[in-house]
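# Fold and geometry: a report
Single-letter residue listing:
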Amino acid sequence: MKQGNLFAAQPRPASLQGGLDSNAEQRARIDELAQRVERYRASYYAGNTEISDAAYDALEDELRALDPTHPVLARVGSSALVTEWEKARHEIPMGSLNKVVNEDELRAWVARCEELLGKEPHAPVASDLFVAEKLDGISIEVLYKDGKLVDAITRGDGEWGERITANVARMKGVPARIRERGHLSVRGEIILRLSDMKAHFPGVTSPRNMAAGLSKRFDGQGAERCTVMFYDVAEHAEIPTCRRRFEWLRELGFATPRSAHGTLDDVIDLYRKYGSELRGALDYEIDGLVVYVDSLNLQTVLGDLNRRPRGAVAFKFASPAKVSKVVAIQWDTGPSGRVTPVAIVEPVELAGAVVQRASLHNAANVRTLGLGVGDEVLVSRRNDVIPYVEEVVEKHGPAAQPPTTCGVCSGALVTEGEYILCRNASCRALIEGRIHNWIDAIGALEWGDKLIEQLVAAGHLREPLDLYKLKVKDIADLERRGEKIAKKCLDQIQSRLPLTLPVFLTALGIEGFALQTARLLVSAGHDTLDKVRAAKEAELAAIPGLGAIKAANITRGLAARKDEIDRLIAGGIQPVTTAAEGPLGGLTFCFTGSGTRPRGELTQLVESNGGRVLGSVTKELNYLIIADTSSTSSKAEKARKYGTKLITEEQLDQLIEERRAAGAS
Ligand SMILES: NC(=O)c1ccc[n+]([C@@H]2O[C@H](COP(=O)([O-])OP(=O)(O)OC[C@H]3O[C@@H](n4cnc5c(N)ncnc54)[C@H](O)[C@@H]3O)[C@@H](O)[C@H]2O)c1
Ligand SMILES: [Zn+2]
C-alpha cells in the first residue's frame, strides 16, 4: 500500500512544518530526475549534448509535475563550467525563457498576461505583440565602455559565466567600436552559420555544438567562423518597446534575428510559415520564435520569476518524431574505445532528412529499453542532435544481447559501468581516436574526421609521429583529395611546431589530462618532459588543484604510452621547455582584455619563447599585456601597485626581438 502523501504533487505551503512527506519512491524519482537534468544541462552547455531536446524536455516536464518548486527548475543554464576560462560575474543576471509548444499554450500565455495586467491601463496584449526568431546557439553578454568592446561573458548559471572576450572579439557581427558612449551591456547568441559550417567544418553536423566548442577553445582557433546576433540590451531606460530595441541595436551596427510586430493571429500565422518554409531556408538554425509583450513598460509590470520574464515566452517548434521499425542493431567502436549501439531502422523522413540510423546511446540503455530487432520504435530528431531512439512503441523481437568482441578488431570487450569498451591499443577505431585528439590539441582545424579515417585505413597513420612523416602524395592519392589540400594539411601540422610542453602533453590524449592540468604541472616545476615523466604519482597528487585521480591517470597514461613518446622524441617532436630557455626565460606574463590575436596564440608565443603565463595579477607578475596601458581597470591598477610593467601586444613582440638580439650577441 502507498503511504499517504499529502503534498506530493503540490508545493508545500511555506508556513507548514512536519507531516508526512511524499513517499520514498517518488522522492527517489525526483532526486534522480533532478540529478539527470543537471547532468544533461552541464553536457549541453559545454557542447556535448547527451540526449535529444525532446527527451530532455520530457524529463524536465516530469520533474516539474512531481515537484513544481524544485530548485533545479528555478535555475538557469548550468554552473558546471569548464573553467579554463576566468569566471566573471554578470552585473545584471542573464535569464532564460518559459516555453510553449503549441497554439493553445500560446493563447493561454496571452490570457494569463491579460489577467495579470488587470486594471493596469494597456492595449490588449493580443493586439500588441513582438516576435523574433529564437536562435539556437549560446547566450553571450557583450559589454561596451565608451564605445569600445571591453568584455564578453557567457551566460553560465545566469550569475557567473566565463569571460571569453578574446574569442568573441574575433567573431563576425561583433563591432570593436560603436558610437554609443557610456556603459552598455548587449545580449545575443553565438551561432555558426550553416554556410560557414559547410565551408569550414564539412564533417560537422551540429552547428550549435560546434559553436559552443569554438567559443570556448582556449587557443581561439575557429572563433572567427562564428557569428553573433543580438536581441537585448540590459536596462536602457529610454527604449519604450521591443520593436524599438531591435531597431536601436541595428542602428548601432548589430545584426538582430528577423522580427515582426503584430497581433496574436499574426504571430500564429508566422509560426506556421516558419514551420512549413521559412525555417528551412535560413542560413542558421532556430528552435522556435520568441514572443514578447511589445511594451517594455508592461513587461516591467509583469515582472519575472526565476529569471524568466512573464512578458515573453519561447514558442518552440514541436520536436519531430516518427515511428519506425528496427531492422538491425549495430555496435560501433568509437575513438575512445567505447562501443555504441546504433539502431538501423526502416527509412523515415524527419525534419527534412531521411533517417536510417538512430543512436541507442549505450549498452545499458539497450537493456533498459529491452530493445530487439523487429521492434517498433519512436525515433526523434531535433535540429542539432543525431536521431535517437526515444522509446519502444511495440515489442516484436527478443531483446538484443551486447557483443563480447569488438566489431573492428575482434578483441575482447570489457564492461565499465554503463558502457562496454575495446581496450586494444592497436584497434583501428582507437588509433583514429588518438590521431584525432592530437590534431585537435595542436589546433590543425583543416583536418576532418574523414581524412583521418582515410589515412588510418590506408595504413599511413598508426600513431601521432606518423603525422610528421606523411608525404604530400599520401594525402593527394586519397579519393577526393588533391595536392592542394594535401599541402595545406601538411603545412598546418608543421606550422604548429615546436609544440609547447602543455600542448604536447594534452595532445597525447591521456585521460584527465586537459590543457589546464598540463599547465598546472608545468607551473609546479615539472617544466621539462623528462621531469614530468620522472615524477612520482604521489608528487603529482600533491600539486594543488590536481588531485589523486588525475595523478594516477597521468602516471598510468604516460607509462602505457612510453614507447610512443620515445619514438616522438627520437623523431624530432620534442616539446619546447618553458623553463629558463628562450628570450623570455624567467619572466612572467598575464593577458587582459581582448587582443588582436587569439589568446591561445599569444600564450603559445610567450611559452615557446621561454616565458610563463599566469592566470591573474600577482606580486610575481613581470608584465601585464593590455591594449590600453593607461587603463584604470582593477587588473591594471593592481598591476601598477605591484610594480608590474603594463605593455601592449606590440611591445611584447619588441621585447622578444630585443631579448633575442641581446641573447645572440
Ligand atoms: N538535450 C539536452 O541534453 C539539453 C539539456 C539542457 C537544455 N536543453 C535545451 O535547452 C533549452 C532550455 O535551455 P535555456 O535555458 O537555454 O532556454 P532556451 O534556450 O529555451 O531559451 C532562452 C534563451 O534563448 C536565447 N534566445 C535566442 N534568441 C532569442 C531572442 N530572439 N530573444 C530572446 N532570447 C533568445 C537566449 O540565449 C535565451 O537565454 C530547451 O530547449 C532544452 O531542450 C537540452
Ligand atoms: Zn577494437
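Residues numbered from 1 in each chain as written. Chains lettered and ligands numbered in written order. Predicted model: local features only at pLDDT ≥ 70, side-chain atom pairs only at ≥ 80, totals over all residues. Heavy atoms only, no water.

Across its full length, the protein chain carries 24 helices and 24 strands. Judged by the C-alpha coordinates and their principal axes, the protein chain covers about 85 × 70 × 60 Å. By the burial criterion, 48% of the 665 residues in the protein chain qualify as buried. Residue pairs in contact within the protein chain that sit at least 24 positions apart in sequence constitute 67% of those at least 6 positions apart. About 31600 Å² of surface is accessible on the protein chain, with carbon and sulfur atoms providing 51% of the total. Computed over 86 positive and 91 negative side-chain charges, the inter-centroid distance for the protein chain is 3 Å. (Helix = DSSP H or I, 4+ residues; strand = E, 2+ residues; numbered from the N terminus. Buried < 20%, exposed > 50% of the residue type's maximum accessible area, 1.4 Å probe, protein only. Contact = heavy atoms within 4.5 Å. Areas by Shrake-Rupley, 256 points an atom, 1.4 Å probe, with all protein chains shown as cover. Lys, Arg positive; Asp, Glu negative; His and termini not counted. Charge placed at Lys NZ, Arg CZ, Asp CG, Glu CD.)

Attention now moves to the site of ligand 1. The immediate surroundings of ligand 1 are formed by 25 residues, with Ser96, Ser139, Glu189, Tyr292 and Lys316 found nearest. A distance of 2.5 Å separates a nitrogen atom of ligand 1 from a polar side-chain atom of Tyr292. For ligand 1, the protein covers 92% of the area, taking 830 Å² as the surface of the free molecule. Broken down by secondary-structure element, the contributors of at least two residues to the shell around ligand 1 are α1 (24-45), α2 (53-66), β3 (129-135) and β10 (286-293). Looking at side-chain class alone, the shell around ligand 1 contains 12 nonpolar, 5 polar and 8 charged residues. Both of domain 1 (1-74) and domain 2 (88-316) provide at least three residues apiece to the shell around ligand 1. (Near = heavy atom within 4 Å. Polar contact = N/O pair within 3.5 Å; in protein donor to acceptor, adjacent residues only side chain to side chain. Nonpolar A, V, L, I, M, F, W, Y, C, P; charged D, E, K, R; others polar. Domains from an automatic or database assignment.)

Our next topic: the side chain of Asn365. By secondary structure assignment, the location of Asn365 is in helix α11 (residues 363-369). Reaching out from Asn365, the side chain makes a polar contact with the backbone oxygen of Leu360 at a distance of 2.6 Å. With near-sequence residues (within four places) excluded, Asn365 lies in contact with Leu360 and Tyr388.

Here, UniProt's "active site" (unreviewed entry) annotation points to Lys134. Looking at the element boundaries, Lys134 is found in strand β3. On the basis of relative accessible area, Lys134 is assigned to the buried category, the value being 18%. Excluding residues within four positions of it along the chain, Lys134 makes contact with Leu97, Ile286, Asp287, Gly288, Leu289, Val290, Ala314 and Lys316. (UniProt positions renumbered as here; feature names shortened; annotations may be inferred.)

Looking now at the coordination of the zinc ion (ligand 2). Summarising the metal site, the zinc ion (ligand 2) is bound by the protein donors Cys406 (SG), Cys409 (SG), Cys422 (SG) and Cys427 (SG), whose distances to it range over 2.3 to 2.4 Å. Between the donor residues of the zinc ion (ligand 2), the gaps in sequence give the motif C-x2-C-x12-C-x4-C. The buried category is assigned to Cys406, whose relative accessible area is 3%. Taking the relative accessible area as the measure of exposure, Cys409 reaches 23% and is therefore partly exposed. (Donors = N, O, S within 2.8 Å, 3.2 Å for Na, K, Ca; no water.)

Attention shifts here to the domain arrangement of the protein chain. Along its sequence, the protein chain is carved into domain 1 (1-74), domain 2 (88-316), domain 3 (321-422), domain 4 (428-495), domain 5 (501-570) and domain 6 (588-664). Each of domain 2 and domain 3 was reduced to a C-alpha centroid, and the two centroids are 36 Å apart.

Tracing the sequence through the fold places Asp151 in strand β5 (residues 148-154). The exposure class assigned to Asp151 is buried, which follows from its relative accessible area of 12%. Among the polar contacts made by the side chain of Asp151, one reaches the side chain of Arg163 at a distance of 2.7 Å. A distance of 2.9 Å separates polar atoms of two side chains, one belonging to Asp151 and the other to Thr165.

Attention now goes to the sheet that holds strand β9 (residues 259-262). Pairing is mixed across the open sheet formed by 5 strands, whose spatial order is β2-β13-β10-β3-β9. Only two strands of the sheet have a single partner each, and these edge strands are β2 (99-100) and β9. Pairing analysis gives 7 bridges linking β3 to β10, with the strands arranged antiparallel. Within the sheet, the bridge partner assigned to Leu135 lies in β10 and is Ile286. (Pairing = 2+ DSSP bridges.)

This part takes up the pattern of salt bridges. Enumeration over the complete set of coordinates arrives at 52 salt bridges. Of the charged contacts, one joins Arg245 and Asp232 as a salt bridge, the two residues approaching to 3.1 Å between their closest N and O atoms. Linking Arg245 in helix α8 (residues 242-251) with Asp232 in strand β8 (residues 227-233), this pair joins segments that are 13 residues apart in sequence. Measuring nitrogen to oxygen at the nearest pair gives 2.9 Å for the salt bridge that ties Arg612 to Glu620. Residue classification places Arg612 among the partly exposed residues on the basis of a relative accessible area of 28%. A single network of salt bridges, built from pairs that share partners, joins Arg41, Glu60, Asp61, Arg64 and Lys99. (Salt bridge = Lys/Arg side-chain N within 4 Å of Asp/Glu carboxyl O.)

Scanning the entire structure with this criterion turns up 11 aromatic pairs. Ring centres of Phe130 and Phe246 lie 4.9 Å apart, and the angle between their planes is 70 degrees; this geometry places the pair in the edge-to-face category. You can see Phe130 sitting in strand β3 and its partner Phe246 sitting in helix α8, a full 116 residues away along the chain. Per residue, the accessibility class of Phe130 equals that of Phe246, and both read buried. A network of ring pairs unites the aromatic residues Phe130, Phe246 and Tyr292 as a single cluster. Positioned over the ring face of Tyr44 is Arg208, at 3.7 Å from the centre of the ring. (Phe/Tyr/Trp six-rings, centres within 6.5 Å; stacked < 30°, edge-to-face > 60°. Lys NZ or Arg CZ within 6 Å of the ring centre and 35° of its normal.)

Scanning the entire structure with this criterion turns up 0 disulfides. Of all cysteine sulfurs in the structure, the one in Cys242 sits closest to Cys113, which takes part in no disulfide; the separation is 12 Å. What makes Cys113 buried here is its relative accessible area of 1%. (Disulfide = S-S within 2.5 Å.)

What follows covers the environment of Pro121. Note that Pro121 resides in the loop between α4 (103-117) and β3. Owing to a relative accessible area of 71%, Pro121 belongs among the exposed residues under this scheme. In this structure the C-alpha to C-alpha distance between Pro121 and Leu298, which are 177 residues apart in sequence, comes to 9.4 Å.

Sheet architecture is open: 4 strands sit in the order β5-β4-β7-β8, paired in antiparallel fashion. Each of the sheet's edge strands pairs with one partner strand only, and the pair in question is β5 and β8. Put simply, the sheet's adjacent strands are angled 35 degrees from each other on average, direction ignored. Strand direction decides the pairing type here: strand β7 (residues 183-191) and β8, joined by 6 bridges, are antiparallel. Paired with Val186 across the strands is Val233, a residue of β8. Contacting β7 and β8, α8 crosses the sheet at an angle of about 135 degrees to β8. (Axes fitted to C-alpha atoms, helices over the stretch in contact; angles between N-to-C directions.)

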